[in-house]
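# Descriptive analysis of the structure
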Amino acid sequence: MARNGKRQVKIPAHVREGEKETLTRHWQKHFLDHLAESSNVTESAKVAGVNPSRAYMVRRQDSEFARKWLFALFEGYLHLEMEVLRRLREGDFQTDTKDKYDFANAIRLLGAHRDNAARAQAEQRNVSAAEVRASIDRKVEAIRKQVQDEKRREAARK
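Described in the following lines is the structure provided in the data block. Here the structure is a predicted model, which is why all the values come from computation and not from measurement. (Residues numbered from 1 in each chain as written. Predicted model: local features only at pLDDT ≥ 70, side-chain atom pairs only at ≥ 80, totals over all residues. Heavy atoms only, no water.)

## Looking at the environment of S135
The line we're drawing: By the criteria applied, helices consist of DSSP H or I runs no shorter than four residues and strands consist of E runs no shorter than two, each listed in order from the N terminus. Here the term buried applies to any residue with accessible area under 20% of the maximum for its type, exposed to any over 50%, and partly exposed to those in between, with areas from a 1.4 Å probe on protein chains only.
With respect to the secondary-structure elements, S135 resides in helix 8 (residues 129–157). Using a relative accessible area of 21% as the deciding quantity, one classes S135 as partly exposed. Between the C-alpha atoms of S135 and A118, which are 17 residues apart in sequence, the distance is 8.8 Å.

## Remarks on the packing of aromatic side chains
What counts here: Two rings from Phe, Tyr or Trp (for Trp, the six-membered ring) form a pair when their centres are within 6.5 Å of each other. A pair whose planes differ by under 30 degrees is stacked, one over 60 is edge-to-face, and the rest are tilted.
Enumeration over the complete set of coordinates arrives at eight aromatic pairs. Ring centres 5.7 Å apart and planes at 65° place the aromatic pair W27 and F65 in the edge-to-face group. Here W27, found in helix 2 (residues 27–38), pairs with F65, found in helix 5 (residues 63–90); they are 38 residues apart in sequence, far enough to count as distant. Considered together, W27 and F65 belong to a single accessibility category, that of buried residues. On the basis of an interplanar angle of 85° and a centroid distance of 5.8 Å, the ring pair of F65 and W69 is categorised as edge-to-face. With a gap of four residues between them, F65 and W69 both fall in helix 5, about one helical turn apart.

## Quick look at the side chain of E150
This is how the line gets drawn: Polar contact criterion, stated in full: a pair of N or O atoms within 3.5 Å, where within protein one must be able to donate a hydrogen and the other to accept it, and residues adjacent in sequence count only if both atoms are side-chain atoms. Note on definitions: a residue-residue contact is assigned when non-hydrogen atoms from the two residues lie within 4.5 Å.
With respect to the element layout, E150 can be found in helix 8. Accessibility expressed as a relative area gives 11% for E150, which makes it buried. In terms of polar contacts, E150 uses its side chain to reach the side chain of R153, at 3.0 Å. Those residues in contact with E150, other than ones at most four positions away along the chain, are F93 and R157.

## So, helix 4 (residues 52–61)
Put simply, the rule is: Summarising the geometry, the arc corresponds to the directions from the helix axis toward the C-beta atoms.
Taken together, the buried positions of helix 4 are occupied by R54, A55, M57 and V58. One face of helix 4 carries all of its buried residues, which in axial projection span an arc of 165°. Here helix 4 starts with a cap whose side-chain oxygen sits 2.8 Å from the backbone nitrogen of S53, and that cap is N51.

## Topic: the packing of helix 6 (residues 103–112) against helix 8
For clarity, the threshold we go by: Here, axes are lines fitted to C-alpha atoms. For helices the fit covers the stretch in contact, and angles between N-to-C directions go from 0 to 180 degrees. To sort the angles, those under 35 degrees are grouped as roughly parallel, those over 145 as roughly antiparallel, those from 65 to 115 as roughly perpendicular, and the leftovers as oblique. Amino acids outside the nonpolar list (Ala, Val, Leu, Ile, Met, Phe, Trp, Tyr, Cys, Pro) and the charged list (Asp, Glu, Lys, Arg) are all regarded as polar, and Gly is one of them.
Contact geometry for helix 6 and helix 8: axes closest at 10 Å, N-to-C directions at 170°. When the axis of helix 6 is compared with that of helix 8, the two are roughly antiparallel. Contacts between helix 6 and helix 8 pair F103, I107 and L110 from the former with V140, I143, R144 and V147 from the latter. A per-class count over the contact of helix 6 with helix 8 returns six nonpolar, no polar and one charged.

Rendered as structure tokens:
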């Protein structure tokens, strides 16, 4: 059972498949915390010990959980944005496994999720989503320009 306000929501058996036997009522907090760190629903569900289907079902039926989900994704978006900026500023172009950091996909991901981020940020700051989107667009464009400038400098060194 999942709580939706004061009533319980019946979770079908197929949605509970693969879950921990002793699922605690704190799974939502664990899920949202990991979602804010990773922006990955499947991994966050795994950490929380729930089937991703349960998380999606509860999000559809519980507006407060849906709001927290959106804020967690916004936080994850900010983490990715800061990670890209840190790597560009410090010249850190390799991952821990010595592979080249994939700036292009990071920027694509930032662009793809900018509307969700804008909605969450607008709700938090009480400004219009259009204003937030414009701010995000400026930031993504600045990151894109930094990546291009670094590629030019790297090519000039060769």
